[in-house]
Amino acid sequence: MTGDALVVEGLTKVFNKNLVAVDHVNFTVKEGEIFGFLGPNGAGKTTTINMLITILKPTEGKASVLGFDIAKQNNDVRNVIGIVPQEYTADEDLTGLENILLCADLYGIPRNVAKERAMDLLKLVELTDFKDKKVETYSGGMRRRLELACGLINRPKVLFLDEPTLGLDVQTRTATWEYIRKLKKEFGMTLFMTTHYLEEADALCDRVAIIDHGKIIVVGSPAELKHNLGGDLITLAIKENDDVSGLIQKVEHVKEVRKEDGTYRIKAEVGEITTPLIIEALQKKGYAVMRLSLTEPTLNEVYLEYTGRSMRDAEESRENAMTQRMVRMRRTH
Amino acid sequence: MSETNGNSRSKLHGLWALTNRELKKWYKEPVLFLLSMIQPILWMGLLGKSMNLSALIPTNIPGLDSKTLMQQTFGTSDYFSFMAVGMIGMTALFTTMFSGMSVVWDRRLGFLNKALSTPVSRAVIIFSKVLSATLRSMFQAGIIILIAVAFGLQFGADFNPLNILGVFAIIFLLCVGLSSLFIAITIRSTRMETPMAVMNLINLPMMFASNAFFPGKLMPDWLQNVVQVNPLSYTNDAVRQLLIVNTVDYTQLLLDFACVGVFAVIVATIGIVLSWRFLSK
């Protein structure tokens, strides 16, 4: 039964005939996996997501969601997907429950079914006690959870999350991750998420794609990508003044050794196995290890490796910046 | 696919939900609701009562009867009654204008995108805005008539309570047209300022270049031409025929309905086609 939830082939979006936002993008998302979409501001993440959720028409290329073509069968697509947008779209003047029921009406779900589902979802996101309170009284975390509940009302098979934890504090963010894991486990849902937080992608995603300048640069599991960077970094110093580079180099899994100011910087494939081997080799020859540290590369390094270090503020669209401002504005008052 | 989700629906599903969402903001907020009624009351109370036009007509000239003269000019001997009817059209104009603004709001807050990603029809999204503005205006029209009666509106000799239905019918047509027009103006905007400026540019001239405050036939020729293509004039005239004149001119009334009806159909078609195209870009 498992197949591909999303198949994207040569998907392209050109705005105003000259601004290429998404440039012949190809990827597939397997059913049941959490797929992360990473990239700097203005890289084309939101444009891609907007095409996949059928609110933007692609200029070129095609994509399908569970076999439904996003251009030709957009209504079928809309039925099987759920969306948790970046913004807080819930109506402030309505209560939490009214907002969920409004979403249900947009899907044409009969009232009795909708009410039952809404109560279940409110329980899932722990908002049952607040269901009859107006959304304007909700905190940022509660609003995000309400968005999640709204996005799930039609029992989607593929859920799109656009920056699901943007602007949330660490506690709320961690809680949101738990909900996302729960969704995957309980409903076997496919999740497609964009995020700026790399530790989030690392913690949640089965696979990630890094997109920049409208093109996908690399796709793979976080572990694979980190591995491709050249492995872990071991730093050590010994008491003696002898140069032991040659000795370390001979240890299994060691790829590269550099000596800088009496400290050895060693790149090795599996740090946690290589480190004891190095210590053993040194001790055999009578050297005493004085200091030692092991660093595993984070997705941050992977990301910077592929997208470079320059800031992207200038490329952020005006509308996007404005939306962010609105989000902040609503949150503060 | 919809069956497996337990979702079954008609083409128009979600219409009432979206319309009611707009209406709820209004009827659940009594303060907002009262505030929206203050403006027409002020206009009626201050302008309608202060412009005591019949006092301008001297009473000491033999053969000149102020009542007859007012009757000839305004179709009623009481300026307040004339002006109160103009308020109905004016309120419709402002209410529909704000319905246009709510599209910008929905876009900025992301609600529009969310609605667009659901199986709800694009037409339904636009219709719901039109419908909520229209229902609001019709309700407000009813309130204005009640207030005006309390302030001393004089019904014409031909008045029949069923005429109120006619008033609602013409307000319905006018509002369908106007709100489609305003939605078509705002649907592309991401900011409030531009459509606000455009609407202000349309609104005031539309109000004054109509027979809301003064009969068109007494205006300069060039202005009369504007008054004659202004749907608001026909609406005002129809409401006056239905409520305050002594002898209803049925040919004129029919013409009023025909003109406002044609306006509504044309503008609504253009507005909805434009909006639809934009929403499914």
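Residues numbered from 1 in each chain as written. Chains lettered and ligands numbered in written order. Predicted model: local features only at pLDDT ≥ 70, side-chain atom pairs only at ≥ 80, totals over all residues.

> Which parts of the structure should I look at to understand the overall build of chain B?
Each helix and strand counted, chain B has 11 helices and 0 strands in total. Counted from the first residue to the last, chain B has its helices and strands arranged as α-α-α-α-α-α-α-α-α-α-α. At 21 Å, chain B has a C-alpha radius of gyration in line with the 19 Å of a compact globule built from 281 residues. Dimensions of chain B along its principal axes, counting C-alpha atoms only, are 85 × 35 × 35 Å. The buried share among the 281 residues of chain B stands at 42%. If you take every contact in chain B between residues at least 6 apart in sequence, the share linking residues at least 24 apart comes to 82%. (Helix = DSSP H or I, 4+ residues; strand = E, 2+ residues; numbered from the N terminus. Rg over C-alpha atoms; globule rule 2.2 N^0.38 Å. Buried ≥ 20, exposed ≤ 12 C-beta atoms within 10 Å, placed from the backbone. Contact = placed C-beta atoms within 7 Å.)

> Looking at this structure, how should I read the environment of B:Val229?
Looking at the secondary structure, you find B:Val229 in helix H9 (residues 221–229). Distance from B:Val229 to B:Cys259, taken between C-alpha atoms, is 9.0 Å for residues 30 residues apart in sequence.

> How should I be thinking about the packing of helix H2 (residues 30–50) of chain B against helix H6 (residues 122–151) of chain B in this particular structure?
A pair of packed helices is characterised by two quantities: the angle between their axes and the separation of those axes. Residues and elements named next belong to chain B. At their nearest, the axes of H2 and H6 sit 11 Å apart, and the two run at 35° to each other. Of the two possible hands of crossing, H2 and H6 adopt the one that is right-handed. Counting all contacts with H2, which are made through Met37, Pro40, Ile41, Met44 and Gly45, the residues of H6 involved are Ile143, Ile144, Ile147, Ala148 and Phe151. Here the contact of H2 with H6 is built from residues that sort into 9 nonpolar, 1 polar and no charged. (Axes fitted to C-alpha atoms, helices over the stretch in contact; angles between N-to-C directions. Left-handed = near helix turned anticlockwise from the far one by under 90°. Nonpolar A, V, L, I, M, F, W, Y, C, P; charged D, E, K, R; others polar.)

> Explain the pairing of strand E14 (residues 289–295) of chain A here, please?
Residue and element names in this part refer to chain A. When you tally the buried positions in E14, you get 0 out of 7 residues, a small fraction of the element. The pairing of strand E11 (residues 232–238) with E14 spans 6 bridges and is antiparallel. Each bridged residue has a counterpart across the sheet, and for leucine 233 the counterpart in E14 is threonine 295. (Pairing = 2+ DSSP bridges.)

> Sorry if this is basic, but what is going on with the domain arrangement of chain A here?
Think of interface size as the accessible area that goes away when the parts come together; that is how it is often given. When cut into domains, chain A gives domain 1 (4–225 + 305–332) and domain 2 (235–296). Between domain 1 of chain A and domain 2 of chain A, the C-alpha centre-to-centre distance is 45 Å. (Domains from an automatic or database assignment.)

> Before we go on, may I ask you to explain the sheet that holds strand E13 (residues 263–268) of chain A in this structure?
Residues and elements named next belong to chain A. On the basis of which strands lie adjacent, the open sheet formed by 4 strands has the order E12-E13-E11-E14 and antiparallel pairing. In the strand order of this sheet, the two ends are held by strand E12 (254–260) and E14, each with one partner. Each neighbouring strand pair of the sheet contributes to a mean axis angle of 20°, computed without reference to strand direction. Relative to E13, E12 runs antiparallel, the two being bridged by 6 bridges. Counterpart to arginine 258 in the pairing with E13 is arginine 265. In the packing of helix H10 (residues 271–284) onto the sheet, the strands contacted are E11, E12, E13 and E14, and the crossing angle to E11 comes to about 20°.

> Where do I start with the sheet that holds strand E4 (residues 60–65) of chain A in this structure?
Sheet strands pair via backbone hydrogen bonds, and the direction of the pair is either parallel or antiparallel. Residue and element names in this part refer to chain A. Judged by pairing direction, the sheet is antiparallel, and its 4 strands sit side by side in the order E2-E1-E4-E5 without closing on themselves. Each edge of the sheet is formed by a strand with only one pairing partner; in this case those strands are strand E2 (19–30) and strand E5 (68–69). Bridge count between E4 and E5: 2 bridges; the pairing is antiparallel. Residue valine 65 lies in a different strand from E5, and its bridge partner there is phenylalanine 68. Across the sheet, helix H1 (residues 45–52) is in contact with strand E1 (4–15), E2 and E4; its angle to E1 comes to roughly 120°.

> Can you walk me through the packing of helix H4 (residues 79–108) of chain B against helix H7 (residues 163–186) of chain B in this structure?
Residue and element names in this part refer to chain B. The geometry of H4 relative to H7 is characterised by a closest axis approach of 8 Å and an angle of 35° between their N-to-C directions. Here H4 runs over H7; the crossing is right-handed. From H4, Ile88, Gly89, Ala92, Leu93, Thr96, Met97, Ser99, Gly100, Met101, Val103 and Val104 reach across to H7, where they touch Ile171, Leu174, Cys175, Leu178, Ser179, Phe182, Ile183, Ile185 and Thr186. When its residues are assigned to classes, the contact of H4 with H7 shows 14 nonpolar, 6 polar and no charged.

> Looking at this structure, how should I read unusual backbone geometry?
Backbone geometry follows two general trends: most residues other than glycine have a negative phi, and most peptide bonds adopt the trans configuration. Residue and element names in this part refer to chain A. At glutamate 126, a position not held by glycine, the phi torsion is positive, near 55°. In this fold, glutamate 126 is placed in the loop between helix H4 (111–124) and helix H5 (140–151). The class of glutamate 126 is partly exposed, set by 14 C-beta atoms lying within 10 Å. Within the chain, glutamate 163 stands out as a residue other than glycine whose phi angle is a positive 50°.

> Just checking my understanding: could you explain the nonpolar core for this structure?
Nonpolar side chains in soluble globular proteins tend to end up buried together. Grouped together as the largest cluster of nonpolar side chains are 144 residues, with contacts concentrated most on A:Val65, A:Ile100, A:Ala149, A:Ile153, A:Phe160 and A:Leu191. In terms of residues, this core owes the most to one element, H4(B), which gives 14 residues. Those residues in contact with A:Ile153 that sit more than four places away from it in its chain are A:Ile100, A:Cys103, A:Ala104, A:Tyr107, A:Ile109, A:Arg117, A:Ala118 and A:Leu121. Formed by 9 residues, the second largest nonpolar core is a distinct cluster that contains A:Ile234, A:Ile248, A:Tyr264 and A:Ala268. (Core = buried A, V, L, I, M, F, W, Y, C linked by C-beta atoms within 7 Å.)

> I would appreciate a short explanation of the confidence of the model for chain A in the present structure.
Should pLDDT be low for a region, the predicted coordinates there are not to be read in detail. In the predicted model, chain A carries a mean pLDDT of 86, and the fraction of residues at 70 or more is 92%. By mean pLDDT, helix H12 (residues 318–332) of chain A is the weakest element of chain A at 50, and E5(A) is the strongest at 95. (pLDDT = per-residue confidence, 0-100.)

> Any chance you could explain H5(A) here in plain terms?
Because an α-helix packs 3.6 residues into every turn, residues spaced three or four apart end up facing the same way. All names here are of chain A. A rise of 1.5 Å per residue sets the reference length of H5, with its 12 residues, at 16 Å; its end C-alpha atoms lie 17 Å apart and thus fit the reference within 8%. Summarising burial for H5: 10 of the 12 residues are buried, a large majority. Along H5, the positions that sit buried rather than exposed are Met142, Arg143, Arg144, Arg145, Leu146, Glu147, Leu148, Ala149, Cys150 and Gly151. (Expected span 1.5 Å × (residues − 1).)

> Is there a simple way to explain the confidence of the model for chain B in this structure?
Within chain B, residue pLDDT values average 84, and 95% of them lie at 70 or more. Our summary of model confidence lists the complex with pTM equal to 0.80 and ipTM equal to 0.79.

> Explain the environment of A:Tyr264 here, please?
Residue and element names in this part refer to chain A. Residue placement: tyrosine 264 occurs in strand E13. On the neighbour-count criterion, tyrosine 264 (20 C-beta atoms within 10 Å) is buried. Sequence separation between tyrosine 264 and lysine 250 is 14 residues; the distance between their C-alpha atoms is 14 Å. Apart from the residues lying within four places of it in its own chain, the contact partners of tyrosine 264 are Thr235, Leu236, Ser245, Ile248, Val257 and Lys259.

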